[in-house]
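# Descriptive structure summary
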Amino acid sequence: SIKQKPLQQQLKKWKQDANVFMGLWQQQPLVDCTAWEHELQIGNSIAPVQITVACNPYCGPCAKAHKKLDELVNNNGDKVRINIRFGINAKKTEQLRTIAVQLLLQNHLQNSNTQQVLSDWFEWMDEEKWKAKYKPDETINVKQLLQLHDEWAKKVSIAYTPTFFINGRQLPGQYCIDDIGTLLPQLTEIM
């Protein structure tokens, strides 16, 4: 324990250096994370740091990640934008995860409370409870948006959720979303 403490401090210092992060980040392949019309977004649409998260509406780790993303936006709203994309199969319209994404998109098109809607969804992950509160218009056609999510996830080969992309490059494996909050002031200047 005595030997590990200095090593942990060194690692923390290393991970908080934006130049180290940028070196690893630039080695990641570039992915098209261009914003879509009617995309689920929270934060500042013209922020210098753009985070795209690929997630599953029934994923426990995704729910934890969304709490962290909410904190990032609440603490740094002008510096960051979060794009939320879902790994779904748009053809499987009866699959729970596709139904959930459809409801989220329908609500998004009729309301502008995206951050709270997503927060509640990931806190409850309960379709009936969520529908009782938000009452989405289920007649709104979102097939094209569902198809965009499906095609994007396949194109960028999403293997697990949540997967994070910072300005079009995947978050390096040495980092987690918690690290971005600490790096954000430096990244804002660099990007």
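Computed from a predicted model, the values in this text were never measured in an experiment.

Thresholds, definitions, all that
- Residues numbered from 1 in each chain as written.
- Predicted model: local features only at pLDDT ≥ 70, side-chain atom pairs only at ≥ 80, totals over all residues.
- Heavy atoms only, no water.
- Axes fitted to C-alpha atoms, helices over the stretch in contact; angles between N-to-C directions.
- Helix = DSSP H or I, 4+ residues; strand = E, 2+ residues; numbered from the N terminus.
- Parallel < 35°, antiparallel > 145°, perpendicular 65-115°, else oblique.
- Left-handed = near helix turned anticlockwise from the far one by under 90°.
- Contact = heavy atoms within 4.5 Å.
- Nonpolar A, V, L, I, M, F, W, Y, C, P; charged D, E, K, R; others polar.
- Salt bridge = Lys/Arg side-chain N within 4 Å of Asp/Glu carboxyl O.
- Core = buried A, V, L, I, M, F, W, Y, C linked by side-chain atoms within 4.5 Å.
- Buried < 20%, exposed > 50% of the residue type's maximum accessible area, 1.4 Å probe, protein only.
- Pairing = 2+ DSSP bridges.
- Polar contact = N/O pair within 3.5 Å; in protein donor to acceptor, adjacent residues only side chain to side chain.

### Comments concerning the packing of helix α3 (residues 60-76) against helix α5 (residues 114-124)
One way to put it is that α3 packs onto α5 with a least axis distance of 9 Å and a crossing angle of 150°. Here α3 is positioned roughly antiparallel relative to α5, judged by the angle of their axes. Where α3 crosses over α5, the two elements pack in a sense that is left-handed. Contacts from C62, A63, H66, D70, V73 and N74 of α3 reach α5 at Q115, S119 and F122. For the contact of α3 with α5, the class distribution of residues is 4 nonpolar, 4 polar and 1 charged.

### Re the pattern of salt bridges
By the definition in use, this model includes 6 salt bridges. Across the salt bridge formed by D120 and K133, the nearest N and O atoms sit 2.7 Å from each other. Separated by 13 residues along the polypeptide, D120 in helix α5 and K133 in helix α6 (residues 127-134) bring together distant segments of the chain. One salt bridge in this structure joins K131 and E127, with 3.7 Å as the shortest N-O distance. Here K131 pairs with E127, and both are found in helix α6, just 4 residues apart, close to one helical turn.

### A look at the nonpolar core
Of all hydrophobic cores here, the largest spans 47 residues; its most connected members are F21, I51, I82, I84, F86 and I180. Tallying contributions element by element places α3 first for this core, with 6 residues. With residues up to four places along the chain from it excluded, the contact list for I180 reads F21, I51, L72, I166, L171 and L187.

### Comments concerning the sheet that holds strand β1 (residues 40-43)
Strand pairing in a sheet takes place through backbone hydrogen bonds and is either antiparallel or parallel in direction. In spatial order, the strands read β1-β3-β2-β4-β5; together these 5 strands make up an open sheet with mixed pairing. Of all the strands in the sheet, just β1 and β5 (169-170) have a single pairing partner and so form its edges. Here strand β4 (residues 163-166) pairs with β5 via 2 bridges, running antiparallel. For I166, the partnering residue across the bridge sits in β5 and is R169. Helix α7 (residues 143-155) rests against β2 (49-55), β3 (80-86) and β4 of the sheet, and its axis sits at about 95° to β3.

### Digging into the packing of α3 against helix α8 (residues 177-190)
Close contact between α3 and α8 brings their axes to 9 Å; oriented N to C, the two are set at 10°. Taken together, α3 and α8 sit at an angle that is classed as roughly parallel. Residues K68, L69, L72 and N76 of α3 form the contact with α8, whose participating residues are I177, D178, I180, G181 and L184. For the contact of α3 with α8, the class distribution of residues is 5 nonpolar, 2 polar and 2 charged.

### Focus: the side chain of Q50
Take Q50: it is sitting in strand β2. Among the residues examined, Q50 registers a relative accessible area of 16% and is labelled buried. Side-chain polar atoms of Q50 contact the backbone oxygen of A47, separated by 2.5 Å. A polar contact of 2.3 Å, which involves the side chain of Q50, links it to the side chain of R81. If sequence neighbours within four positions are ignored, Q50 has contacts with S45, R81, F165, I166 and N167.

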